[in-house]
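Chain residues, written in single-letter form:
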Amino acid sequence: NELQRLFPVFAAIHSNDYRAAARQPWPMCRLRSLNTLQPRHLVSSLAGPEARQALRAIAQVIRNAHQGDLPLFAATLGLPADEFQELLHEDLRFLVPQVPSALLRDWLPERFMPLAALLWSYRVTDESLARWLSHAIAAACYGRQHLWQDLGFRSRDDVSRLIAQWFPRLFQLNTRDLKWKRFLFEQLGQRHGLPDLKPPHCEGCDSYPACFAMKRE
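The residue numbers shown here count from 1 along each chain, following its written sequence. Local features in this predicted model are restricted to residues of pLDDT 70 or higher, and side-chain atom pairs are both shown and tallied only at a pLDDT of 80 or more, whereas totals for entire chains, interfaces and linings draw on every residue. The side-chain numbers reported here are obtained from all heavy atoms of the structure, hydrogens and water having been left aside.

K.L.:
What is the right way to look at the overall build of the protein in this model?
P.N.:
A tally of helices and strands in the protein yields 12 helices and zero strands. For the protein, the α and β elements follow one another from N to C terminus as α-α-α-α-α-α-α-α-α-α-α-α. Scored against the burial criterion, the 217 residues of the protein give a buried share of 47%. Excluding contacts between residues fewer than 6 apart, the proportion of contacts in the protein whose partners are at least 24 apart in sequence is 64%. A helix here means a DSSP run of H or I that spans at least four residues, while a strand means a run of E at least two residues long, and both kinds are numbered starting from the N terminus. The classification of residues rests on relative accessible area computed with a 1.4 Å probe and restricted to protein chains. Under 20% of the type maximum is buried, over 50% is exposed, and intermediate values are partly exposed. Here a residue-residue contact requires only that any non-hydrogen atoms of the pair lie within 4.5 Å.

K.L.:
I tried to follow the packing of helix 3 (residues 49-66) against helix 9 (residues 156-166) on my own but got confused; where do I start?
P.N.:
When two helices pack together, their arrangement is given by the angle between the helix axes and by the axis-to-axis distance. Whenever a helix is involved, its axis is fitted only over the stretch in contact; in every case the axis is a line through C-alpha atoms, and angles between N-to-C directions fall within 0 to 180 degrees. Interaxial distance between helix 3 and helix 9 falls to 10 Å at its minimum, and their mutual angle equals 120°. With respect to helix 9, the axis of helix 3 lies oblique. Where helix 3 crosses over helix 9, the two elements pack in a sense that is left-handed. Mapping the contact onto sequence places Glu 50, Ala 51, Gln 53, Ala 54 and Ala 57 in helix 3 and Asp 158, Arg 161, Leu 162, Gln 165 and Trp 166 in helix 9. Partitioning the contact of helix 3 with helix 9 into residue classes produces five nonpolar, two polar and three charged. If an angle is under 35 degrees, it is roughly parallel; if it is over 145, roughly antiparallel; if it lies from 65 to 115, roughly perpendicular; otherwise it is oblique. The hand of a helix crossing depends on one turn: near helix anticlockwise from the far one by less than a right angle means left-handed, and clockwise means right-handed. The nonpolar class holds Ala, Val, Leu, Ile, Met, Phe, Trp, Tyr, Cys and Pro. Asp, Glu, Lys and Arg form the charged class, and all remaining residues, Gly among them, are polar.

K.L.:
Help me understand the pattern of salt bridges, please; the structure alone is not making it clear to me.
P.N.:
By definition, a salt bridge exists where a carboxyl oxygen of Asp or Glu is found within 4 Å of a side-chain nitrogen of Lys or Arg. Evaluated as defined, the whole model comprises seven salt bridges. The salt bridge partner of Arg 182 is Glu 186, with a shortest N-O separation of 4.0 Å. One end of the pair is Arg 182 and the other is Glu 186, both in helix 11 (residues 180-191) and four residues apart, which spans about a single turn. Relative accessible area serves as the criterion here: at 15%, Glu 186 is assigned to the buried category.

K.L.:
Would you explain the confidence of the model for the protein in this entry?
P.N.:
Close inspection of predicted coordinates is inappropriate in any region flagged by low pLDDT. On a range of 0 to 100, pLDDT expresses the predictor's confidence in each residue. Across the protein, the average pLDDT comes to 80, with 76% of residues at 70 or higher. Note on residues 1-31: pLDDT is under 50 here. Beyond four places in sequence and across chains, it has 39 contacts.

K.L.:
Sorry if this is basic, but what is going on with the packing of aromatic side chains here?
P.N.:
Ring pairs (aromatic) are described by centroid distance and by the angle formed between their planes. Here is the rule: rings of Phe, Tyr and Trp (six-membered ring for Trp) pair when centre to centre is within 6.5 Å. Planes less than 30 degrees apart are stacked, more than 60 are edge-to-face, and the remainder are tilted. Overall, the coordinates contain six aromatic pairs when judged by the stated rule. Aromatic pair Phe 171 and Trp 180: ring centres 5.8 Å apart, planes at 25°, arrangement stacked. Exposure remark for Phe 171: the relative accessible area of 33% places this residue in the partly exposed category. Ring geometry for Trp 180 versus Phe 183: centroids 5.5 Å apart, planes at 90°, classification edge-to-face. On the criterion of helical spacing, the pair formed by Trp 180 and Phe 183 is a turn pair, its members being three residues apart in helix 11. The class of Trp 180 is buried, set by a relative accessible area of 4%. Here the aromatic residues Phe 73, Phe 112, Tyr 142 and Phe 185 are joined through ring pairs into a cluster of three or more. A ring is considered to have a charge above it if a Lys NZ or an Arg CZ atom is located within 6 Å of its centre and within 35 degrees of its normal. The aromatic ring of Trp 120 is capped on one face by Arg 123, whose charged end is 4.0 Å from the ring centroid.

K.L.:
Please clarify how the nonpolar core should be interpreted in this entry.
P.N.:
In summary, soluble globular proteins display a tendency toward joint burial of nonpolar side chains. Side-chain atoms within 4.5 Å are what join buried Ala, Val, Leu, Ile, Met, Phe, Trp, Tyr and Cys residues into a set we call a nonpolar core. Ile 58, Leu 77 and Leu 151 are the most contacted members of the largest nonpolar core, which totals 64 residues. Sorting the residues of this core by element identifies helix 3, helix 4 (81-87), helix 5 (101-107), helix 6 (112-121), helix 7 (128-140), helix 9 and helix 11 as the ones contributing at least two each. Sequence-distant contacts of Leu 77, that is, excluding residues within four places in its chain, are made with Ile 58, Val 61, Ile 62, Phe 84, Leu 87, Phe 112, Trp 132, His 135 and Ala 136.

K.L.:
What is the right way to read the packing of helix 6 against helix 11 from this model?
P.N.:
Two numbers describe how helix 6 lies on helix 11: the axes approach to 10 Å, and their chain directions differ by 95°. The angle between helix 6 and helix 11 falls in the class roughly perpendicular. Here Pro 114, Leu 115, Ala 117, Leu 118, Leu 119 and Ser 121 of helix 6 come into contact with helix 11, specifically with Leu 184, Phe 185, Gln 187, Leu 188 and Arg 191. Counted by class, the contact of helix 6 with helix 11 contains eight nonpolar, two polar and one charged residues.

K.L.:
Would you explain helix 6 in this entry?
P.N.:
Given 3.6 residues to a turn, an α-helix orients residues that are three or four positions apart in the same direction. Looking only at helix 6, the buried set comprises Phe 112, Leu 115, Ala 116, Leu 118 and Leu 119. Along the axis of helix 6, the buried residues cluster in a sector spanning 155°; they form a single face. Those residues of helix 6 hidden inside the fold are in contact with helix 7, helix 10 (168-173) and helix 11. The reported arc concerns the directions from the helix axis to the C-beta atoms and nothing else.

In structure tokens, the structure reads:
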């Protein structure tokens, strides 16, 4: 019921240590009714294979977050409740947690919004789907798997097609054919004067030596 759904948020608001509570990995915050979210549950004014691929990636990121495979902020793509509601069909909007803005800000990693803004700046369209996809890709970069896995794809080539379709100028900048997660954080570092910026969790990955070699084999 509604009270059970909002209990984790109430618990944080009334905690003796608001910020400490905001950083806890509350498993009951994983909204079970969105665990099986599918692209058909999402709203888009666009059609065609490009839109369907984007919607699949967005739905996968949301599912992964609700199942605990991505950080909690990814459950709403790092978006405020009112904006996240626009992504869902009207009959599903009651499922959206009304997370206070201050709590959401505490959840967001420092580089998340700048990374989403970087992607958005290279968009091919101003449609909302491009904004949501920017947030989904940025959120997936905070996963512990390869980016293509956290986006629900079969291979890195699928990520390349996605970025080429929705952020073509950004795609063209990857002249060294770097792995996309590394490339995005490299671009973010260049934009903000942080030349050695790396994605989180990369150093423990089996592919780290190959990914961070001077040239991709």
